[in-house]
Every structure is written in C-alpha cells, then in structure tokens.
Amino acid sequence: MTKTHAIELSGLTKRFGGVTAVDDVTFFVEPGEVFGFMGHNGAGKTTTLRMLLGLTPLTSGSARVLGREVGQETLEVRRTAGYLPAHYTLPPDMTARQFLQYVGAMFALPRDVITERAEALLRRFDLVRDADRALRGFSTGMAQKVGLAQALINEPRVLLLDEPTSGLDPLGRHELLELLRELARDRGVTVLFSSHILSDVEALCRHVAVLHRARLVAFGDVEELKDRHGARTMDDLYLALVRKEAA
Ligand SMILES: Nc1ncnc2c1ncn2[C@@H]1O[C@H](COP(=O)(O)OP(=O)(O)OP(=O)(O)O)[C@@H](O)[C@H]1O
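Everything numeric in this text was worked out from a predicted model, so none of it was measured.

Caption draft 1: View of the site of the ligand. The full set of residues close to the ligand is Phe 16, Val 19, Ala 21, Gly 39, Asn 41, Gly 42, Ala 43, Gly 44, Lys 45, Thr 46, Thr 47 and Ala 86. Contributing elements (two or more residues each) for the shell around the ligand: strand 2 (19–29) and helix 1 (45–52). It is helix 1 that contributes the most residues to the shell around the ligand, three residues altogether. Each residue belonging to the shell around the ligand can be placed in one class, and the counts come to five nonpolar, six polar and one charged.

Caption draft 2: Highlighting the sheet that holds strand 4 (residues 60–65). Taken together, four strands build an open sheet; the order of strands is 2-1-4-5 and the sheet is antiparallel. Either end of the sheet is taken by a strand with one partner, and the two such strands are strand 2 and strand 5 (68–69). As paired elements, strand 1 (residues 7–16) and strand 2 share seven bridges and run antiparallel to each other. Bridge pairing in strand 2 links Leu 12 to Val 25. Relative to the sheet, helix 1 contacts strand 1, strand 2 and strand 4, its axis offset from that of strand 1 by approximately 115 degrees.

Caption draft 3: Quick look at the sheet that holds strand 3 (residues 34–39). With mixed pairing, six strands are arranged side by side in an open sheet as 6-7-8-3-9-10. Only two strands of the sheet have a single partner each, and these edge strands are strand 6 (81–84) and strand 10 (215–221). The average angle at which neighbouring strand axes cross in this sheet is 15 degrees, direction not considered. In this structure, strand 9 (residues 207–212) lies alongside strand 10, joined through six bridges in antiparallel fashion. By the bridge assignment for strand 10, Leu 211 is matched with Leu 216. Strands in contact with helix 1 are strand 3, strand 7 (158–162), strand 8 (190–194) and strand 9; relative to strand 7, the strand with the most contacts, it is inclined by about 150 degrees. Taken strand by strand, helix 5 (residues 140–152) contacts strand 6 and strand 7, and its axis lies near 165 degrees from that of strand 6.

Caption draft 4: Spatial organisation of the packing of helix 3 (residues 96–106) against helix 4 (residues 111–124). Direction vectors running N to C along helix 3 and helix 4 enclose 135 degrees, while the axes themselves pass 9 Å from each other. Taken together, the axes of helix 3 and helix 4 lie oblique to each other. Crossing of helix 3 over helix 4 shows right-handed handedness. Packed against helix 3, whose contacting residues are Ala 96, Arg 97, Leu 100, Gln 101, Gly 104 and Ala 105, the element helix 4 presents Ile 114, Arg 117, Ala 118, Leu 121 and Leu 122 at the interface. By residue class, the composition of the contact of helix 3 with helix 4 is seven nonpolar, two polar and two charged.

Caption draft 5: Main features of the UniProt feature "domain: ABC transporter" (unreviewed entry) in the chain. The positions that UniProt labels "domain: ABC transporter" (unreviewed entry) are, in the present scheme, residues 7–238. The straight-line gap between the two end C-alpha atoms of residues 7–238 is 23 Å; of that span, 39% is helix and 27% is strand.

Caption draft 6: Expanded view of the environment of Ala 131. Structurally, Ala 131 is set in the loop between helix 4 and helix 5. On the basis of neighbour counts, which here come to 18 C-beta atoms within 10 Å, the residue Ala 131 falls in the partly exposed class.

Caption draft 7: Structural view of unusual backbone geometry. With phi around 50 degrees, Leu 66 is a residue other than glycine that occupies positive phi space. The topology assignment puts Leu 66 in the loop between strand 4 and strand 5. Looking at Leu 66, the number of C-beta atoms within 10 Å reads 19, which means it is partly exposed. For Ala 214, which is not a glycine, the phi torsion comes out positive at approximately 80 degrees.

What counts and how
Going along each chain's sequence as written, the residues are numbered from 1 onward. Local features in this predicted model are restricted to residues of pLDDT 70 or higher, and side-chain atom pairs are both shown and tallied only at a pLDDT of 80 or more, whereas totals for entire chains, interfaces and linings draw on every residue. Think of it this way: take the backbone, place a C-beta atom on it, and check whether that atom is within 6 Å of the molecule or strand, in which case the residue is near it. Comment: elements are numbered from the N terminus, with helices defined as DSSP H or I runs of at least four residues and strands as E runs of at least two. Classification used: nonpolar for Ala, Val, Leu, Ile, Met, Phe, Trp, Tyr, Cys and Pro, charged for Asp, Glu, Lys and Arg, polar for all others including Gly. Here, a strand pair is defined by DSSP locating no fewer than two bridges between the strands. Here, residue contact means that the backbone-derived C-beta atoms of the two residues sit within 7 Å. To define axes, lines are fitted to C-alpha atoms, for helices over the stretch in contact only, and angles between the resulting N-to-C directions are given on a 0 to 180 degree scale. Angle categories are assigned with fixed cut-offs, so that under 35 degrees is roughly parallel, over 145 is roughly antiparallel, 65 to 115 is roughly perpendicular, and the rest are oblique. Two helices cross in a left-handed way if the nearer one is turned anticlockwise from the farther one by less than a right angle. They cross in a right-handed way if the turn is clockwise. UniProt positions are given in the numbering used here, feature names are shortened, and annotations may be inferred rather than shown by experiment. Whether a residue is buried, exposed or partly exposed is read from the other C-beta atoms within 10 Å of its own C-beta, which are placed from the backbone; 20 or more gives buried, 12 or fewer gives exposed, and intermediate counts give partly exposed.

The following block contains the structure:
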C-alpha cells in the first residue's frame, strides 16, 4: 500500500468474546472518492467503521485514516473525520440549531465559525424553518439530516457514514447522494458509506468492498467485479458474491 490512500485497513480484526465481528479485513480508499461498503446484516460494517474512529478497540491488524494510526492517534483522526452512526439518538430537548452549536463546541471551534457553519448547514439541509424546534418532534428523515449536518460541522476530510440514506424519502435520498458526490468532487472529501441499498452504491461509487460473515469477499472496481462475476447490475454482483460464499 502507498501512503496516498485516505483510508487503509490491514488485517483488521475484531472479536467480541467468542464472536469474530471483523476477520482479517484489508482494503483501501482513495482520497476524494465515494466508496461503497456493503454486506448483509451483522456482516461487520458498523464494527469496522467504529474501529476506524477509535470507538471500538482493534483486536489485531491496523487501520490508518489520512496516514494516522487509529489506535494511537485517535484524537487527530476524530478531528479530521465526520461520522454518522446507523442509529443516531439526538438529544430530545435540544433544538437543531443548539445541537449543531453543541457539536461545534465539542470540536473547540471558535464561536463565530460555529454559528456560520451551523447556519450554512441548516440552509443546506433545508432545516431553517425547523431550526428552533426541539429534536424530539423531528421525523426520521429530518433527524437523519441533522445527523448528517453534525457530521459536517468540523469540515471533515473524511466522512464515515453508516447507512446514511436509510429513513430518507426518495427526494431526500437523491439530495443526499448529490451532496456526497459534490463533497468528494468539489472539496476532495473522502466518503466511506455503508449501505444495503445497492442502487445507491451503484449510482455513486467506482470502488466497493463487500463483507460477508466478517470477511472481505470482494474489493475493487465495480465494473471489473461485475465482469469477473458475470454480473450485469450491482444486485446481480452482490447476489453472485453471496451465493458463492454460501456454496
Ligand atoms: N458490542 C458488541 N458485543 C458483542 N457482539 C457485537 C458487538 N457489536 C457487534 N457485535 C457482533 O458483531 C457482528 C457484526 O456486527 P455489526 O454491527 O458490525 O454488523 P453490520 O454489518 O453493521 O450489520 P447491520 O447491517 O445489521 O447494521 C454481529 O454478529 C454482532 O452481533
């Protein structure tokens, strides 16, 4: 591997007692690309993302984000990364505006920078009208937008998103995918997102990694993988990979 990779995993392994959640996983993500991370329920995607942020300690192997070893330089990694967990619980009593300001303060950003970014994000996600409502009243899609906005408040160089389009309606999904494309193209942000929605991955990603029962079963260029497995679509590819493993 060269040091130009934005994210590198090498032999990454996590065991929870007797359960191996992630087993010897190696892949990399290029700077400024939107990379798709796929796998069935319980395949190990969330655990991998959490290890990349230092939220779950590694059992063995290593991982680097922008050249920084996640287990050792955890604070630096978190400072340059944005993260949207799969099941994000927002503080019910805060308003959207207060919450974005709170997350900005956790990054120790100056107050005027926080205000400027929070207002820009509220506009970007069409939340201005609801900015002063308590988060407990937010619909699933609105809450997901707030979750994404908080992941962007520190202007991350790397964005790790766990099933970001789940809960969004078709328009919200389309807008989110456009936003990810724009962040990568115009700002050079590296995006690693997990998804069960294969059409989203196909629409955005040139490169993907597929986990199956904790192990990496495919990594690389989507078109090359389709050719290799005789698949026409992403759905065909995914099914071919999973059936091969089950055989
Ligand atoms: N804290 C934990 N303690 C014990 N087992 C865990 C823990 N976290 C995850 N696991 C196990 O690790 C495996 C991988 O889980 P993980 O949440 O990473 O999968 P996933 O691919 O994100 O699944 P999904 O698509 O359903 O979100 C599962 O068997 C899960 O039960």
